[in-house]
Structures are given as C-alpha cells and as structure tokens.
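The chain contents come next:
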2 protein chains.
Amino acid sequence: MARTKRAGRRTGNPDTKAEILAAARRLFAEGSFEAVSMRRIATEAGVDPSLIHHYFGSKDDLFLAAIELPMDPAPEVAAVLKAGGVEGAGERLMTAFVAIWDGPHQDKLLAVVRTSLSKPAMSFVLRQLFEHRIVKTVEDVLGDQVDRIPVRASFIASQVFGLVVARYILKLEPVASLSSSELAETIGPTIDRYLTMPVEHLAKD
Amino acid sequence: MARTKRAGRRTGNPDTKAEILAAARRLFAEGSFEAVSMRRIATEAGVDPSLIHHYFGSKDDLFLAAIELPMDPAPEVAAVLKAGGVEGAGERLMTAFVAIWDGPHQDKLLAVVRTSLSKPAMSFVLRQLFEHRIVKTVEDVLGDQVDRIPVRASFIASQVFGLVVARYILKLEPVASLSSSELAETIGPTIDRYLTMPVEHLAKD
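Keep in mind it's a predicted model, so treat the numbers as computed, not measured.

Here the focus is the interface of chain B and chain A. Counting residues at the interface gives 43 residues for chain B, matched by 43 residues for chain A. Summed over both sides, the interface of chain B with chain A buries roughly 3,600 Å², with 65% coming from carbon and sulfur. Three residues stand out in chain B for area buried against chain A, namely Leu 117, Leu 170 and Leu 172 of chain B, and they jointly supply 17% of the buried area on that side. Applying the counting criterion to the chain B and chain A interface returns zero salt bridges.

In structure tokens, the structure reads:
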C-alpha cells in the first residue's frame, strides 16, 4: 500500500484514480509530456506522488492510462524496427500496424482516434503520443542509420493516420477490405521512401 | 418562382430549405448518392421536386449543400489532371490541394472533416464525396490512361486524408509548417506511385 501525506482524506477514495487521471489530462494538454512532472500531477490532483506510482507505475503508464489507449505502441514499433533495421521496415511496420488494428483493440483504438480528431483540445493526445513515444522509439532504434527522424516520422504519420481514416473510419474500398499483406506490399514502400528520401533541404524540425 | 403542389403550406416557408437539406442528409446517409432521387428527397421533405431545383439546382449541388462543403472539389481535380495528364499529377494535385486547404475555406473544410471522422453516421459524407465526385472525376479524365482507378484512388485518399490529419488537425511538425512546394515534392511522388503501381493482383473493387 502506498504511503500518502493526506491518507485520511485521499487514501481509499474510489475517485482518487479518476482525479489523478483528470489532473494528468489537464496538464498533458497544457504542456509537453516531458515538462509535466509526476509531482506536479500529484499536486494538481491533491494526492501524494507515491500514490500515483502505486496506482499507475511510471509516467509513461500514467500517460497511456490518461489517454485511454488500450496498449503501448512503442514496444511494438521498437521490436519491428530491431528485426531487420531500415531495409524493408515499411512492410514490417505496416504488417504489424494492421495486425494490431484488425485485432481485439480496434474499437478502443478507434474511440481514441475519433476523440482526438474531433475535439481540438484532445488532439494533444495523438500528438504527444506521436512525439514522445513513437518518434523517440524510432530514434532509439534507427538513430545511427537514419538522419532527421522527426521530419521523416511526420511524413510516415501522415500516411499511417490516413490509412486509419480510409480503412477503419470511412471504410473506402478496396483499402477497407485488403489483407494485411496487400497493404504491406502497397503502402510499405511509401513508408520506406519517407525513411530514406533526402530531407536535409526541408524546414528545420 | 418555383411551382409547388402544396404552395399554401410550403412555399415561402423559411424552414423549407432546412427541411430539404435535412431530408437529403437522412437519405444520402442511408443509401448511395445515385440511388437517392430528387423526387424521393422531395417526398421526404414534403415539397414539390421543382422547389428543390429552384433552391439548390442539381443533385450534385444539393449534395454539396447537404454536407456543408464550402466548395466543390471535383472541378479542381479535373482541371489539375487535365493540365498534364498522369505525368507529374501527384505534385500538381498536392500543390492544388494544399492551396485550397491553406486558403479561406480551411475552417469550414476542417469542420466537415471533423464531423465526418467523429460521427460514424456522418462518415457517409466523405465516403460519398470521394466515391461519387472524386473517383468519377478521375475516371473521366484519366480513364483511358490508367486502369482500376477506384483501387488507386482509395490509396491516394489514404495519403491525402492523412495529410489533412497530420497538418491541419494534429499539427505534427514539420508537416504542419512546410510550404506547398515542399509537400508537393515529398508527397507528390507517393500519389504518382499509387497512380502507376501494379494493382491487377489486388482484391477486386
């Protein structure tokens, strides 16, 4: 059991988790992921920081819980990129991406995307996820092989989010009903091009 | 002044246009654009068909009014494709697309997209627009040069809608702040590839 300075008022309160999540959403929406400390979230929620660790673990885990994402995409991206490096990365990423989206989390993922796209204040969700989980993960794995990863990642995101829109939201045919391997074969090379095209002349990131 | 069979009840009613638009939205959401006749919309709205022609012109115009699109994208697409054919079409389409989206209609376009992506019942809007205006236009202009345009168009849509999401909704950098010519140079080749890649082995459209 976590210690708390205000145990009498907060510990055991069934709303405490909800208050922590609400405070985290407010602060993550205002500032960058890195600028928001666990201590500040604790102060905002009126609880001891140890209670956040107790309920949610790390700041990463708290962030994923705050945006209600059913899974953490970062380890998946890291595993796919490590298994072969840049060569053929586009096909492997598309295969893994479609497998996740076609799987049991589809409804929850769609709910996160719909909310993020329709409410301007919630767009921070996908942007933070992209900037602080995905881009960092790609930099960790491919940083010594590929230059200016944030630039390339924003182009890759434009294709990947577009696939979500076309296949899962608008259900445009035939993209909506093609197999994972057909999408990997057709869209994979787009991602490979964004990973390897010259970008040094584009505006600085 | 348009004639109407129920002039006493409907003509001059300030709500008549709104009723016609509401009826059109209900019917377009249920069936395909082509299956919905002007006569059926008139019956649903309780007005004479001539009144719809009087207020809205053609069925195309009524559709655009019903989905509140500030402009008709089809003539723009036709003009861009006619000016040069398949060669370099991707760059020209991206240049025109970004010019429209960066222009005075941006807020209204964003409202249509946000609504279409967040409300499942409204996704018909973008799907119908895509299938019955854009794909048909591309087929009219490039049909004798390019095979299986509906298949290619759904891939192009996945990149173009993704650019809208990344640049205008999530505002991912640097895609959000690159110039029209930088986006044409980087994303144009993706569209060109979707226009020319082999697709005969993909699922039938």
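Moving on from the coordinates now.
With that settled, the discussion passes to the domain arrangement of chain A. Residue and element names in this part refer to chain A. Segmentation of chain A into domains returns domain 1 (7-66) and domain 2 (73-196). Distance between the C-alpha centres of domain 1 and domain 2: 28 Å. Taken together, the contact between domain 1 and domain 2 spans ten residues of the former and eight residues of the latter. Note on domain 1 versus domain 2: buried area summed over both sides is about 770 Å², and carbon and sulfur give 63% of it. The interface formed by domain 1 and domain 2 includes one salt bridge. Its salt-bridge partner being Arg 133, residue Asp 60 comes within 2.3 Å of it at the nearest N-O pair. At the boundary of domain 1 and domain 2, one finds one residue pair in polar contact (both at pLDDT 80 or more). In terms of residue class, the side of domain 1 that touches domain 2 is made up of five nonpolar, two polar and three charged.

Right, let's talk about the relation of the copies chain B and chain A for a bit. Turning chain B through 180° and shifting it by 0.0 Å along the axis lays it on chain A, with an RMSD of 0.1 Å. Interpreted geometrically, this transformation is the action of a two-fold axis. For chain B, the residue whose C-alpha comes nearest the rotation axis is Gly 162 of chain B, separated from it by 1.6 Å.

Residues and elements named next belong to chain A. In this structure, the largest pocket encloses a volume near 160 Å³. Of all the elements, helix H8 (residues 106-118) adds the most residues to the lining of the largest pocket, at five residues. When its residues are assigned to classes, the lining of the largest pocket shows six nonpolar, two polar and three charged.

Our next topic: the UniProt feature "DNA-binding region" (unreviewed entry) in chain A. Under the present numbering, the feature "DNA-binding region" (unreviewed entry) in UniProt falls on residues 37-56 of chain A. End-to-end, the C-alpha atoms of residues 37-56 of chain A are 14 Å apart, and along that stretch the chain is 80% helix and 0% strand.

Attention now goes to the packing of aromatic side chains. This model, assessed by the stated rule, comprises eight aromatic pairs over all chains. What links up through ring pairs into an aromatic cluster is the set Phe 97, Trp 101 and Tyr 168 of chain A.

We now examine the environment of Ile 169 of chain A. Residue placement: Ile 169 of chain A occurs in helix H10 (residues 149-169). Between the C-alpha atoms of Ile 169 of chain A and Lys 17 of chain A, which are 152 residues apart in sequence, the distance is 31 Å. Excluding residues within four positions of it along the chain, Ile 169 of chain A makes contact with Leu 110, Val 113, Arg 114 and Val 164 of chain A together with Ser 116, Leu 117 and Ser 123 of chain B.

With that out of the way, let us pick up the packing of helix H9 (residues 123-142) of chain B against helix H10 (residues 149-169) of chain B. Residues and elements named next belong to chain B. Two elements in contact, H9 and H10, have axes separated by 10 Å at closest approach and are oriented at 125°. Between H9 and H10, the angle is such that the two are oblique. For the crossing formed where H9 meets H10, the hand is right-handed. Residues Leu 126, Phe 130, Val 135, Val 138, Glu 139 and Leu 142 of H9 lie in contact with H10, whose contacting residues are Ile 149, Pro 150, Ala 153, Ser 154, Ala 157 and Phe 161. Its residues assigned to classes, the contact of H9 with H10 comprises ten nonpolar, one polar and one charged.

All names here are of chain A. Between the first and last C-alpha of H10 there are 28 Å, a value that for 21 residues agrees with the 30 Å anticipated at 1.5 Å per step. Within H10, 20 of the 21 residues are buried, which leaves it mostly tucked inside the rest of the structure. Positive phi appears at Lys 171, one or two residues downstream of H10, with a value of about 55°.

Before going further, it helps to examine the side chain of Arg 167 of chain B. Residue and element names in this part refer to chain B. Following the sequence through the fold, Arg 167 ends up in helix H10. By relative accessible area, Arg 167 is classed as buried at 7%. A distance of 2.8 Å separates a polar atom in the side chain of Arg 167 from the backbone oxygen of Leu 178. Sequence-distant contacts of Arg 167, defined by excluding residues within four places in its chain, comprise Val 98, Asp 102, Val 175, Ala 176, Ser 177, Leu 178 and Leu 183.

Turning next to the nonpolar core. Note that soluble globular proteins tend to have their nonpolar side chains buried in a common cluster. In terms of nonpolar packing, the biggest core is built from 151 residues, with Ile 41 and Phe 155 of chain A together with Ile 41 and Phe 155 of chain B touching the most fellow members. Here Phe 155 of chain A is in contact with Tyr 194, Met 197 and Leu 202 of chain A together with Val 175, Leu 178, Leu 183, Thr 186 and Ile 187 of chain B, once residues within four sequence places are set aside.

Close approach of charged atoms lets side chains of opposite charge pair. All names here are of chain A. Under the counting rule described, the total for this entry stands at ten salt bridges over all chains. The partner of Arg 133 in a salt bridge is Asp 72, and the shortest N-O contact between them spans 2.3 Å. With Arg 133 in helix H9 (residues 123-142) and Asp 72 in the loop between helix H5 (59-66) and helix H6 (73-82), the pair connects residues that are 61 residues apart, well separated along the chain. Residue Arg 133 is classed as buried on the basis of its relative accessible area of 9%. For Asp 147, the salt bridge goes to Arg 152, with nearest N and O atoms at 2.5 Å. In this structure Asp 147 comes out as partly exposed when scored by relative accessible area, which is 37%. What makes Arg 152 buried here is its relative accessible area of 3%.

Parameters and conventions
Residues numbered from 1 in each chain as written. Chains lettered and ligands numbered in written order. Predicted model: local features only at pLDDT ≥ 70, side-chain atom pairs only at ≥ 80, totals over all residues. Heavy atoms only, no water. Contact = heavy atoms within 4.5 Å. Buried area = accessible area lost by both parts, 1.4 Å probe. Salt bridge = Lys/Arg side-chain N within 4 Å of Asp/Glu carboxyl O. Domains from an automatic or database assignment. Polar contact = N/O pair within 3.5 Å; in protein donor to acceptor, adjacent residues only side chain to side chain. Nonpolar A, V, L, I, M, F, W, Y, C, P; charged D, E, K, R; others polar. Least-squares fit on C-alpha atoms with pLDDT ≥ 70 in both. 1 Å grid on protein atoms, 1.4 Å probe; cavity = no way out; pocket = protein on both sides within 12 Å on 5 of 7 lines; lining within 4 Å. Points joined across faces, edges and corners; volume = space filled by probe spheres on them. Helix = DSSP H or I, 4+ residues; strand = E, 2+ residues; numbered from the N terminus. UniProt positions renumbered as here; feature names shortened; annotations may be inferred. Phe/Tyr/Trp six-rings, centres within 6.5 Å; stacked < 30°, edge-to-face > 60°. Axes fitted to C-alpha atoms, helices over the stretch in contact; angles between N-to-C directions. Parallel < 35°, antiparallel > 145°, perpendicular 65-115°, else oblique. Left-handed = near helix turned anticlockwise from the far one by under 90°. Expected span 1.5 Å × (residues − 1). Buried < 20%, exposed > 50% of the residue type's maximum accessible area, 1.4 Å probe, protein only. Core = buried A, V, L, I, M, F, W, Y, C linked by side-chain atoms within 4.5 Å.

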